[in-house]
Each structure stands twice: as structure tokens, then as C-alpha cells.
Protein chains: 2
Amino acid sequence: MSVAGSDVRPGEVAIELPAAFDAGIYFIGRIRTPFKTRAECPKSPAASDAIGRVELDARYAAGLEDLGLYSHAFLLYWMDQARRDLLQQVPAHLGHARGTFALRSPVRPNPIALSAVELLGIEGTTLTVRKVDCIDGTPLVDIKPYFASIDSFPHARRP
Amino acid sequence: MSVAGSDVRPGEVAIELPAAFDAGIYFIGRIRTPFKTRAECPKSPAASDAIGRVELDARYAAGLEDLGLYSHAFLLYWMDQARRDLLQQVPAHLGHARGTFALRSPVRPNPIALSAVELLGIEGTTLTVRKVDCIDGTPLVDIKPYFASIDSFPHARRP
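Residues numbered from 1 in each chain as written. Chains lettered and ligands numbered in written order. Predicted model: local features only at pLDDT ≥ 70, side-chain atom pairs only at ≥ 80, totals over all residues. Heavy atoms only, no water.

Novice: I would appreciate a short explanation of the sheet that holds strand E3 (residues 29-32) of chain B in the present structure.
Specialist: Sheet strands associate in pairs through backbone hydrogen bonding, adopting either a parallel or an antiparallel arrangement. All names here are of chain B. The six strands are arranged E3-E4-E9-E8-E5-E10 in a closed barrel whose pairing can be described as antiparallel. For this sheet, the mean angle separating the axes of adjacent strands, direction not counted, is 45°. Strand direction decides the pairing type here: strand E5 (residues 72-78) and strand E10 (residues 138-145), joined by five bridges, are antiparallel. When the bridges of E10 are listed, Leu-76 appears paired with Asp-142. (Pairing = 2+ DSSP bridges. Helix = DSSP H or I, 4+ residues; strand = E, 2+ residues; numbered from the N terminus. Axes fitted to C-alpha atoms, helices over the stretch in contact; angles between N-to-C directions.)

Set out below in C-alpha cells:
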């Protein structure tokens, strides 16, 4: 374990990643948002009521059938600008190191972000959604319907 | 678009997938459950109070720092036995075709499953969790802390 790289803060921990990948991802679309740079992005979806669009590739159009029956969905997307080798990070709001798996930071071994969004509309292969926090053009990896029965834990504790 | 393959049911829609992947995934651990075959797995986490273990590879140990401060976490894992080319599926409980993005089926272009679990304990690189529904040995892709403020929608509607 070593600390290396120009944008690693004191207290952060970087590792050497495996030599090869174990599986492959298809980008299935793009997320369009008002945020053109990382600096413009809100720190979390809670800090944003921004309206965004999910543009699914035409190839996958048939997969949207019945999604409009749900009020909310999860978006999984690929944080393609994030480094993957930091296991402890020092978020500015926290001021000390915390494990990557205890953070929602885009920096993680597999930079897949997860956002629960409100579905405002679906037209063709374009979804209009509320609460998006990613940079414009972020690659989409998956869309899943939100089930309150298994996904909602209103009393979940956090520090 | 065509329907092909021996385990495609009437009404299901299969497509040709892209020729190449766009990004790569590292398997970062394994999920241990009581379910040795797909037939033994519960249909959803809601149908299971099974206790499981998440065994993170030693390489990523530092990433768990502070995860114990949270009561719940999301697990992302790779459904490595699932085909990836079906865009409409006929779940047995539904009896007609529904789009893959309106289902939580493991069958999807990127077979990443998402489960919110209760964290019962963390010892070394092993997490003990409640509510797991996957087959024993399923590859782990990510662990994220659960934030009720952005992840919990108790009134989300579903059909």
C-alpha cells in the first residue's frame, strides 16, 4: 500500500489495482445534465433538484416497456473521469480519511454511481428525471425500477 | 431485433449486443449465501431474511474504514450466470412481457444486481449482512453506504 499520484491528499490511501479486468460493461446511453464540469456538479442528489435527461441508445429501446408504471428508478452510471485506486479518501466536508466503501465518492475500484431519481416522463428513448448530480454526457450503465418494499429504509442510520 | 436462443420464452425479445465492451470491472470479493443453485435463491430480498457474508479481497481492506458507522449498505454484484441480450422478459408471476429496465431480473445488458442490506457486523474483511438473495460465490462489484436522505422513497409507486 502506498500513497502516490499528484491529486492524492495527505491521509489518502492508494493501492495497486489488479492487472486485468474480470468482466466488461456496455455503455447503454448517456445522461444529459446542466453540469458541464465536475466543479459545477452538486455534491449529492439531495443538493439538487435539477432536471436531467437520460438518453438510452436506440438499440435498447424495447427494454423501457412498462417503466412508466413506476414513480422512481435507480440509474447506474459510469464515472469515467474518476481514478480507481484510492481506498481511503479525505472528503473536504469531513477533514479526515474515510474508507471508499463508506463514501459515495465517484473514486472507487469500480466507478459505478447509483442515484435514485423521480421519473417525470418517458418519450421514445428519452427519460426526463428529477435529481441528477452527474456531469453532462456521463455514460449510462443500467436503469432499474425502484421498489419501496426492498429499497426504502427511512430509518437507516448514518454518522 | 429477433427472438433466439433455447431459453427464451414466447413474447421475450433478444437483441444483438455491441461487438466490444466500453469499460472493465474488477471483482473485489465474493458473497457467501446459503443458496447453492439459482433454483434455491429467493425471488427477491423481501422474501429472504437469510444471513450472508460478504468476503472482500484483502487488497481492498482499507476501504472498509468507517463503514460500521452505517446501519445499511448497498451491495452491487455481478450476476455471472445471466444472459445479457434480453430486452423484454416474461416473469412467471406476471405472465406477459415487460421491459428489462422495468424489472429487477439478473438478465440485462450489464448484469449488475443491487441489494440494500442491513449491516450486522464487520470483522476484518468479512461483512455479515441480513437479506441476501444471490447464489453462493457471486462476485462482488461495490459496497456503498445507504443514505436515507437520498436513497429512501417509502411512497414510491409501483404497478
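Novice: When you look at the relation of the copies chain B and chain A in this model, what are you seeing that I'm missing?
Specialist: Comparison of the two chain copies shows a relationship of rotation about an axis with a shift along it. Placing chain B over chain A gives an RMSD of 0.0 Å and needs a rotation angle of 180°, together with 0.0 Å of translation along the axis. Here the copies are linked by what is in effect a two-fold axis. In this assembly, 100% of the residues forming the interface of chain B have copies in chain A that are likewise at the interface, indicating an isologous arrangement. (Least-squares fit on C-alpha atoms with pLDDT ≥ 70 in both. Contact = heavy atoms within 4.5 Å.)

Novice: Help me out: how do you make sense of the nonpolar core in this one?
Specialist: Soluble globular proteins tend to pack their nonpolar side chains together in the buried interior. In this structure, Leu-56, Tyr-60, Leu-67, Leu-75, Leu-127, Leu-140 and Ile-143 of chain A are the most contacted members of the largest nonpolar core, which totals 39 residues. Of all the secondary-structure elements, those providing two or more residues to this core are strand E4 (51-56), strand E5 (72-78), strand E8 (112-123), strand E9 (126-130) and strand E10 (138-145) of chain A. Non-local contacts of Leu-56 of chain A, meaning those with residues more than four positions away in its chain, are made with Ile-28, Gly-29, Ala-61, Leu-64, Thr-125, Leu-140 and Ile-143 of chain A together with Phe-101 of chain B. Grouped together as the second largest cluster of nonpolar side chains are 33 residues, Ile-15 of chain A together with Leu-56, Val-132 and Phe-147 of chain B included. (Core = buried A, V, L, I, M, F, W, Y, C linked by side-chain atoms within 4.5 Å. Buried < 20%, exposed > 50% of the residue type's maximum accessible area, 1.4 Å probe, protein only.)

Novice: Sorry, what's going on with unusual backbone geometry here?
Specialist: Leaving glycine out, the prevailing phi sign among residues is negative, and the prevailing peptide bond configuration is trans. Residue and element names in this part refer to chain A. At Lys-131, a residue that is not glycine, the phi angle is positive and equals roughly 80°. When you line up the elements, Lys-131 lands in the loop between E9 and E10. Under the relative-accessibility criterion, Lys-131 is labelled partly exposed at 23%.

Novice: Where do I start with the sheet that holds E5 of chain A in this structure?
Specialist: Residue and element names in this part refer to chain A. Spatially, six strands are ordered E3-E4-E9-E8-E5-E10 in a closed barrel, and the strand pairing comes out antiparallel. This sheet shows a mean twist of 45° between the axes of neighbouring strands, independent of strand direction. Relative to E4, strand E3 (residues 29-32) is paired through four bridges, and the arrangement is antiparallel. For Gly-29, the partnering residue across the bridge sits in E4 and is Leu-56.

Novice: What is the right way to read the environment of Glu-123 of chain A from this model?
Specialist: All names here are of chain A. In this fold, Glu-123 is placed in strand E8. We classify Glu-123 as exposed; its relative accessible area is 68%. Between the C-alpha atom of Glu-123 and that of Gly-68, which follows or precedes it by 55 residues, the distance is 9.9 Å.

Novice: Hey, could you run me through the interface of chain B and chain A in this one?
Specialist: Accessible area lost during the coming together of the parts is what is often quoted as the interface size. Counting from both sides, the interface comprises 71 residues of chain B and, opposite them, 71 residues of chain A. Between chain B and chain A, roughly 7100 Å² of surface is buried when both sides are summed, and carbon and sulfur atoms account for 60% of that area. Here chain B is connected to chain A by six salt bridges. The partner of Asp-142 of chain A in a salt bridge is Arg-108 of chain B, and the shortest N-O contact between them spans 2.8 Å. Counting only elements with at least two residues in the side of chain B that touches chain A, the list comes to strand E2 (23-25), E5, strand E6 (86-89), strand E7 (98-99), strand E8 (112-123), E10 and helix H1 (148-151) of chain B. Residues that form the side of chain B that touches chain A fall into these classes: 45 nonpolar, 12 polar and 14 charged. (Buried area = accessible area lost by both parts, 1.4 Å probe. Salt bridge = Lys/Arg side-chain N within 4 Å of Asp/Glu carboxyl O. Nonpolar A, V, L, I, M, F, W, Y, C, P; charged D, E, K, R; others polar.)

Everything listed is a geometric property; what it means functionally is a separate question.
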